[in-house]
Amino acid sequence: MSKTVYTDKAPAAIGPYSQAIIVGNMVYTSGQIPIVPATGAVEASDITGQTEQVCKNLCEVLAASGTSIEKAVKTTCFLKNMEDFAKFNEVYAKYFTGKPARSCVAVKELPKGVLVEVEVIAEIG
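Scope of this entry: the structure provided in the associated data block. Being a predicted model, the structure only gives us computed values, none of them experimental.

Description of the state of the cysteines
On inspection of all chains with the given rule, the structure shows 0 disulfides. Here C59 stays unpaired: no disulfide links it, and the sulfur of C55, its closest cysteine neighbor, is 6.8 Å away. A relative accessible area of 25% means that C59 is categorised as partly exposed. Not part of a disulfide, C104 finds its nearest cysteine sulfur in C77, a span of 4.9 Å.

Re the sheet that holds strand 7 (residues 101-106)
Read from one edge to the other, the open sheet built from 6 strands follows the order 1-2-3-8-6-7, with strand pairing classed as mixed. Edge strands, defined here as strands with exactly one partner in the open sheet, are strand 1 (2-5) and strand 7. Looking at each pair of strands side by side, their axes are set apart by 15 degrees on average, direction ignored. In this structure, strand 6 (residues 72-79) lies alongside strand 7, joined through 6 bridges in parallel fashion.

Some thoughts on the packing of helix 1 (residues 47-64) against helix 2 (residues 85-95)
Their axes nearest at 9 Å, the elements helix 1 and helix 2 cross at an angle of 30 degrees. Between helix 1 and helix 2, the crossing angle belongs to the class labelled roughly parallel. Of the two possible hands of crossing, helix 1 and helix 2 adopt the one that is right-handed. Along its contact with helix 1, which presents I47, T48, T51, E52, C55, K56 and C59, the element helix 2 presents K87, F88, V91, Y92, K94 and Y95. When the residues that make up the contact of helix 1 with helix 2 are grouped by side-chain class, the tally is 7 nonpolar, 2 polar and 4 charged.

Parameters at a glance
Residues numbered from 1 in each chain as written. Predicted model: local features only at pLDDT ≥ 70, side-chain atom pairs only at ≥ 80, totals over all residues. Heavy atoms only, no water. Disulfide = S-S within 2.5 Å. Buried < 20%, exposed > 50% of the residue type's maximum accessible area, 1.4 Å probe, protein only. Pairing = 2+ DSSP bridges. Helix = DSSP H or I, 4+ residues; strand = E, 2+ residues; numbered from the N terminus. Axes fitted to C-alpha atoms, helices over the stretch in contact; angles between N-to-C directions. Parallel < 35°, antiparallel > 145°, perpendicular 65-115°, else oblique. Left-handed = near helix turned anticlockwise from the far one by under 90°. Contact = heavy atoms within 4.5 Å. Nonpolar A, V, L, I, M, F, W, Y, C, P; charged D, E, K, R; others polar.

Taken by themselves, the reported measurements are silent on function.
Written out as structure tokens, the structure is:
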């Protein structure tokens, strides 16, 4: 049996999906983009600011799921431009200190024209 996760401290889904789903002792987040929950807008224009907002959003979704970013076991990261890889990693490393398994790929486009999207699988408990 699964449980749907929702928090107003992270952006609401902009499509027919949930912020996260809990199955057993694992949570699977949807990809988070750098929308500021309070305004519904993308406010940062560079990869550093957008990655900060994505990580903050993920922290809130994970907290609402009963876990934290420290319990992440796998991330999937999508970058609009692989030239942003080093700057992305600088911010990512501040949040994902446990160094979960990771895939990072460049994609042609992301929702709302953003530069980054990240999804997480994390352990609960």
